[in-house]
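A look at the structure
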Amino acid sequence: MNYIDIIKKRRSEYDLNNKITVNEEDILNFIKDAVKYTPSAYNSQSSRVLVLLREEHEALWDLITEEIRKVAPAEGFEKTVSKMNSFKAAYGTVLYFEDLDTVKQLQDNFPLYAETFASWSVQSNAMLQYNIWTGLANMDLGASLQHYNPIIDEAVREKYNLPTNWKLYAQMPFGGKNSEAKPYEVTNLDERVI
Ligand SMILES: Cc1cc2nc3c(=O)[nH]c(=O)nc-3n(C[C@H](O)[C@H](O)[C@H](O)COP(=O)(O)O)c2cc1C
């Protein structure tokens, strides 16, 4: 496949299931390779990933539902539950973090760029998110990008016993596709690329 065709294949897919034909080990090996080959500022390798599959993935979306329940109005909450259940219906979730200790070390070592290191860390994490999202699409797996941080940060850290220096940036549920995302119109391309 041409690279542009793989790029086109990545979409926000919300209508997911837990029936996948891809080998679980292939998914995990791909994610490890994506972490290995995605660039980072000063080669700091500050991105961290937690991959949850099957029951662990389902438990995460139960946890997220309960954390939102604590802060959201009770009225209309069933809509949130049904949305969370749509993510839970998938096969797995990739959680994306940045190691803030690594970022801090860079800031201390290179004071000239201190202010930009925080931004570079997020940019690098976004590259990793995109690489994994696109790679999953290339395996015919659907995924979407979700942000229930910071509401869920403490609960996630506690449940998975994660270091306090891991900052959560995104959650990516993935699985088999029940349907395909609809095409959308791209506007102002000539103004966006000059
Ligand atoms: C930085 C970023 C943050 C996003 N956050 C969310 C989100 O929190 N929830 C969600 O459902 N989609 C989120 N999206 C997905 C976008 O809405 C989606 O990529 C866009 O509408 C284009 O659709 P496509 O992904 O199918 O090409 C995010 C995308 C990006 C790049």
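Residues numbered from 1 in each chain as written. Predicted model: local features only at pLDDT ≥ 70, side-chain atom pairs only at ≥ 80, totals over all residues. Heavy atoms only, no water.

So, the overall build of the protein
Assigned secondary structure in the protein consists of 8 helices and 5 strands. Reading the protein from its N terminus to its C terminus gives the helix and strand order α-β-α-β-α-α-β-α-α-β-α-β-α. At 18 Å, the protein has a C-alpha radius of gyration in line with the 16 Å of a compact globule built from 194 residues. In terms of overall dimensions, the protein has a C-alpha envelope of 50 × 45 × 40 Å along the principal axes. Across the 194 residues that make up the protein, the buried fraction comes to 42%. Considering only residue pairs separated by 6 or more positions, the protein has 84% of its internal contacts joining residues 24 or more positions apart. (Helix = DSSP H or I, 4+ residues; strand = E, 2+ residues; numbered from the N terminus. Rg over C-alpha atoms; globule rule 2.2 N^0.38 Å. Buried < 20%, exposed > 50% of the residue type's maximum accessible area, 1.4 Å probe, protein only. Contact = heavy atoms within 4.5 Å.)

Brief notes about the packing of aromatic side chains
A full pass over the atoms with the stated rule returns 11 aromatic pairs. Centroid distance Tyr-113 to Phe-117: 6.4 Å. Interplanar angle 80 degrees. Geometry classified as edge-to-face. Take Tyr-113: its relative accessible area is 35%, and that puts it in the partly exposed class. On the basis of relative accessible area, Phe-117 is assigned to the buried category, the value being 2%. (Phe/Tyr/Trp six-rings, centres within 6.5 Å; stacked < 30°, edge-to-face > 60°.)

What about the pattern of salt bridges?
What the rule picks out here adds up to 10 salt bridges. One salt bridge in this structure joins Asp-108 and Lys-104, with 3.0 Å as the shortest N-O distance. Here Asp-108 and its partner Lys-104 are both found in helix H5 (residues 100–109), 4 residues apart, which amounts to about one turn of the helix. Exposure remark for Asp-108: the relative accessible area of 49% places this residue in the partly exposed category. Taking the shortest distance from any N to any O, the salt bridge between Lys-177 and Glu-180 comes out at 3.4 Å. When salt bridges that share partners are traced, they join Glu-24, Arg-54 and Glu-55 into one network. (Salt bridge = Lys/Arg side-chain N within 4 Å of Asp/Glu carboxyl O.)

Re the site of the ligand
Lining the immediate surroundings of the ligand are Arg-10, Arg-11, Ser-12, Tyr-14, Trp-133, Leu-145, Gln-146, His-147 and Tyr-184. The side chain of Tyr-14 places a nitrogen or oxygen atom 2.7 Å from an oxygen atom of the ligand. Considered class by class, the residues forming the shell around the ligand number 4 nonpolar, 3 polar and 2 charged. (Near = heavy atom within 4 Å. Polar contact = N/O pair within 3.5 Å; in protein donor to acceptor, adjacent residues only side chain to side chain. Nonpolar A, V, L, I, M, F, W, Y, C, P; charged D, E, K, R; others polar.)

Concerning the side chain of Ser-144
You can see Ser-144 is positioned in the loop between strand S4 (142–143) and helix H7 (153–159). Residue contacts for Ser-144: discarding those within four places in its chain leaves Glu-13, Tyr-14, Phe-87, Trp-133, Gln-171, Met-172 and Pro-173.

Section: the packing of helix H2 (residues 24–37) against helix H6 (residues 114–138)
Look at H2 against H6: their axes get within 9 Å of each other, and the N-to-C directions meet at 150 degrees. It follows that H2 is roughly antiparallel to H6 by the angle criterion. As for how H2 packs across H6, the hand of that crossing is right-handed. Seen from H2, the contacting residues are Ile-27, Phe-30, Ile-31, Ala-34 and Val-35; seen from H6, they are Leu-128, Asn-131, Ile-132, Gly-135 and Leu-136. Class assignment of the residues belonging to the contact of H2 with H6 gives a composition of 8 nonpolar, 2 polar and no charged. (Axes fitted to C-alpha atoms, helices over the stretch in contact; angles between N-to-C directions. Parallel < 35°, antiparallel > 145°, perpendicular 65-115°, else oblique. Left-handed = near helix turned anticlockwise from the far one by under 90°.)

The values are spatial; any link to function lies outside them.
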